[in-house]
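Examination of the molecular architecture
The chain contents come next:
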Amino acid sequence: MNKIGLFRVMKLCKDYVKMGEEERKGVQEKRLRELVQFARENSPYYARLYQGLPDNFTLTDLPPVNKIELMNCFSEWITDSTITLQYVKQFMEDMDHVGRKMNGKYLIFTTSGSTGNPLVALCDTTANNVMGGISATRSFARKEDMSAFIRKGRKIIGVFATSGFYLSNSSVRSRLLAMPWKKKKLAVTSALLPINQIVEQLNTFQPTMLGGYPSNLELLIDEVKSDRLHISPVIIMTGGEYLSDSLRERLSQAFHCYVQTAYSCTEGGTIACECRERHFHVNEDWVLIEPVDEKNRPVPDGVRSDKVLLTNFFNYTQPYIRYELTDRVIMHHTPCACGNPSPWLELEGRTDDVASFWEGCQEIKVAPLALYAILKEVHELRRFQIVVKKENHVEMRIEPIEGIPREDAFHKAEQALVSFLRTQGIHEVTVTLSEDVPMQHQRSGKFKHIINDTGK
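Residues numbered from 1 in each chain as written. Predicted model: local features only at pLDDT ≥ 70, side-chain atom pairs only at ≥ 80, totals over all residues. Heavy atoms only, no water.

Let us now look at unusual backbone geometry. Phi is positive for asparagine 103, which is not a glycine, with a value near 60 degrees. Looking at the element boundaries, asparagine 103 is found in the loop between helix 6 (85-92) and strand 1 (107-110). The class of asparagine 103 is partly exposed, set by a relative accessible area of 48%. Even without being glycine, arginine 322 reaches a positive phi, approximately 55 degrees. With respect to the helices, strands and loops of the structure, arginine 322 is situated in the loop between strand 12 (307-312) and strand 13 (323-325). (Helix = DSSP H or I, 4+ residues; strand = E, 2+ residues; numbered from the N terminus. Buried < 20%, exposed > 50% of the residue type's maximum accessible area, 1.4 Å probe, protein only.)

Moving on: the packing of aromatic side chains. By convention here, two paired aromatic rings are described through the distance between centres and the angle between planes. Counted according to the given criterion, the structure contains 10 aromatic pairs. Aromatic side chains tyrosine 45 and tyrosine 46 sit 5.2 Å apart centroid to centroid with 85 degrees between the ring planes, which places their arrangement in the edge-to-face category. Residue tyrosine 45 is classed as buried on the basis of its relative accessible area of 4%. Ring plane angle 85 degrees and centroid distance 6.0 Å describe the contact between phenylalanine 74 and tryptophan 77, whose orientation is recorded as edge-to-face. Taken together, the residues span about one helical turn, with phenylalanine 74 and tryptophan 77 both in helix 5 (residues 74-77) at a distance of three residues. For tryptophan 77, a relative accessible area of 0% corresponds to the buried category. Cluster of aromatic residues (ring-pair linked, three or more members): Phe74, Trp77, Tyr320 and Tyr323. Positioned above the aromatic ring of phenylalanine 57 is the side chain of arginine 33, whose terminal nitrogen or guanidinium carbon lies 4.2 Å from the ring centre. When the ring centre of phenylalanine 205 is taken as reference, the NZ or CZ atom of lysine 155 above it lies at 4.7 Å. (Phe/Tyr/Trp six-rings, centres within 6.5 Å; stacked < 30°, edge-to-face > 60°. Lys NZ or Arg CZ within 6 Å of the ring centre and 35° of its normal.)

Turning next to the pairing of strand 20 (residues 430-433). Strand direction decides the pairing type here: strand 19 (residues 393-400) and strand 20, joined by four bridges, are parallel. Paired with glutamate 395 across the bridge in strand 20 is threonine 432. Handedness of the crossover joining strand 19 and strand 20 through helix 14 (residues 406-423): right-handed. (Pairing = 2+ DSSP bridges. Right-handed = clockwise from strand over helix to strand, strands pointing away.)

Moving on, we get to helix 10 (residues 195-205). Of all the positions in helix 10, only Ile198, Val199, Leu202 and Phe205 are classed as buried. Buried residues of helix 10, seen end-on, are gathered within an arc of 135 degrees and therefore sit on one face of the element. Away from the buried face of helix 10 by more than 90 degrees, exposed residues Asn196, Glu200 and Thr204 are located. Trailing helix 10 by a residue or two, glutamine 206 shows a phi angle of about 55 degrees, which is positive. (Arc of directions from axis to C-beta.)

Bringing the pattern of salt bridges into the picture now. Evaluation of the coordinates by the stated rule reveals 24 salt bridges. One salt bridge in this structure joins glutamate 21 and lysine 25, with 3.4 Å as the shortest N-O distance. Separated by four residues within a single helix, glutamate 21 and lysine 25 lie in helix 2 (residues 21-42), roughly one turn from each other. According to the relative accessible area criterion, glutamate 21 is partly exposed, its value standing at 47%. The salt bridge partner of aspartate 96 is arginine 173, with a shortest N-O separation of 3.0 Å. Residue aspartate 96 is found in the loop between helix 6 and strand 1, and its partner arginine 173 is found in helix 9 (residues 167-178); the two are separated by 77 residues along the sequence. For aspartate 96, a relative accessible area of 37% gives the class partly exposed. (Salt bridge = Lys/Arg side-chain N within 4 Å of Asp/Glu carboxyl O.)

Okay, structure coming up:
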């Protein structure tokens, strides 16, 4: 793909929704073929995978790929032969590199590892411009909210995990490093802070738009009711986790504003934007989504899939072509009242649990992504899962990295967890090493890093 600037992406996004159906299909077909050709020519992994692929191939002729497989052959998958996984990991050892371009070319993002296996993603300028252009042109579900946002100051603050190279945190820091004069208009407060410090920063900043993980924003509802949080955002935009209808309504009532979300992932950016009908319209000019069953067979409209296959048209550094995501969706091609011609999705809820602890007679709730962010930085762990039980008992299920004794990895993780909980005002905690390994839910197959089993 040729380099594309931000404003060019915005124009392409606006032009696409005005096209007829055949013209839109032509855009998708052209971008698919250009991506596949580039992957075959520049990625040894895809050259091998697509050996013997006919010239007149269709999308379903391309074999599906998955995260574990791609990460295991990272150097063959990536199309920049000068980059190795070890080099990327060395770059990520310095947390000051969050939001900075590696080699002056790539922003680095890591996934949250919702299946227990994180991925490292490299995005060049064009990839970041596409993600930014989609956000700029399609993020608001309602025009009146965009108008109010512009009219009342355009001040944005997000409550995100700031301890790693996560998409939201890294993107914001990248913008602030490039445009430091925006610090009065754009900010992040750490989801790892005690809730009273988050409230203090929000009160000081007075955002027009409040963003964050739903589980973190949920903790702010009590702060509003207790008259400690005094902000009046015109819109709340959530991401990173599933937003339930009940939490959406509770947030809307607490903050007296519209609440919306989007369907996003590190590998594909914003896959689908929500409209005022609460339908998630796929950004099919830049990504394709195929709902499939367990054996990668297509699932018809109106039927819940077991997973989806993602094809990303804009990341040529790490081609994601029919890439497996564990999300379950229901696809629809019926017309939407909002007028967007793109197909739309229903999403199945998938999120970690808010953890409940007690200090004396006071219940202290901790957002799951705060706990995840702390344990993810324990590099002796390959996978982990914690179960919070009654009386502040935490059961830890772990898989250490190769060569690290299990007990040693556990003690590192225990120390990190206990130290963090103390910053939240939780001092009496018992952490034990489980005989079990991290496991998916027996019925749904979904993986949770944080499980609250306190009966609350």
